[in-house]
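Reading the structure
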Amino acid sequence: MGTIFTQIVEGEIPARIVYEDETTVAFLDANPLAPGHTLVIPKAEYERLNDVPDDVATDLYATIHRMVPAVEEAVDADASTVAFNNGEEAGQEVPHVHCHIVPRFEGDGGGPIHGVAGEAPDLADDELDDIAADIESRI
Ligand code: AMP
């Protein structure tokens, strides 16, 4: 049996699907953090962003790009937080890549994405240089 999101893709469990194409689906989150909270997924099951092939990543971002303004406008939001929990340690509960589009409203009491990673590290310039070089070498 696939993930709960695969079951949605297969029509085995209900969802409020708001967009669908050959490779991606968007549907309302069942436990919304705000009205209009929407999830965008690839139809095929990949656990993490790291596993998504380039062509599917392109399609996924194209759907996110279309959905963000539609979601914001539908609920008259002032802004939105658009994010992936990429891996269990980052808070991912469903092991099927999904992008959260969370509408945001002035004074909604929420915070920016800067708050998600715990205490900020104090990194020296040479450490930052090493990290930047390491990342660059892997691309
Ligand atoms: P994450 O913690 O990033 O894995 O988020 C998983 C999200 O999936 C949560 O926001 C859940 O509310 C949502 N979710 C779980 N099951 C369903 C479902 N059957 N239909 C819609 N959303 C779901």
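In case you missed it, the structure is sitting above this.
Here goes a summary of the coordinates provided. (Residues numbered from 1 in each chain as written. Predicted model: local features only at pLDDT ≥ 70, side-chain atom pairs only at ≥ 80, totals over all residues. Heavy atoms only, no water.)

**Digging into the site of the ligand**
Neighbouring the ligand are 16 residues, the closest being D29, N31, E93, H98 and H100. Separating an oxygen atom of the ligand from a backbone N or O atom of E93 is a distance of 2.7 Å. For the ligand, an oxygen atom lies 2.7 Å from a polar atom in the side chain of H98. Considered on its own, the ligand offers 510 Å² of accessible surface; in the complex 84% of this is hidden by protein. For the shell around the ligand, the secondary-structure elements that each account for two or more residues are α1 (4-9) and β2 (24-28). Of all the elements, α1 adds the most residues to the shell around the ligand, at 3 residues. Residue composition of the shell around the ligand, by class: 8 nonpolar, 6 polar and 2 charged. (Near = heavy atom within 4 Å. Polar contact = N/O pair within 3.5 Å; in protein donor to acceptor, adjacent residues only side chain to side chain. Areas by Shrake-Rupley, 256 points an atom, 1.4 Å probe, with all protein chains shown as cover. Helix = DSSP H or I, 4+ residues; strand = E, 2+ residues; numbered from the N terminus. Nonpolar A, V, L, I, M, F, W, Y, C, P; charged D, E, K, R; others polar.)

**Side note on a nonpolar patch on the surface**
A grouping of L123, L128, I131, I135 and I139 is seen on the molecular surface, where their side chains present a nonpolar patch of about 510 Å² in accessible area. Using a relative accessible area of 41% as the deciding quantity, one classes I131 as partly exposed. (Patch = residues over 30% accessible without salt bridge, like charges linked within 9 Å, V, L, I, M, F, W, Y side chains within 5 Å. Salt bridge = Lys/Arg side-chain N within 4 Å of Asp/Glu carboxyl O. Buried < 20%, exposed > 50% of the residue type's maximum accessible area, 1.4 Å probe, protein only.)

**Regarding the side chain of H37**
Here H37 lies in the loop between β2 and β3 (38-42). Given a relative accessible area of 2%, H37 falls into the buried group. Polar side-chain contacts of H37 include one of 2.9 Å to the side chain of H100. Look past the residues within four positions of H37 in its chain and what remains in contact with it is F27, L28, D29, N31, P32, H100, I101, V102 and P103. (Contact = heavy atoms within 4.5 Å.)

**Some thoughts on the pattern of salt bridges**
For the structure on display, the rule yields 3 salt bridges. When the shortest N-O distance is used, the salt bridge between E20 and K43 registers 3.0 Å. Here K43 lies in the loop between β3 and α2 (54-74) and E20 lies in strand β1 (residues 17-20), a separation of 23 residues in the sequence. Measuring nitrogen to oxygen at the nearest pair gives 2.9 Å for the salt bridge that ties D134 to R138. Taking the relative accessible area as the measure of exposure, D134 reaches 35% and is therefore partly exposed.

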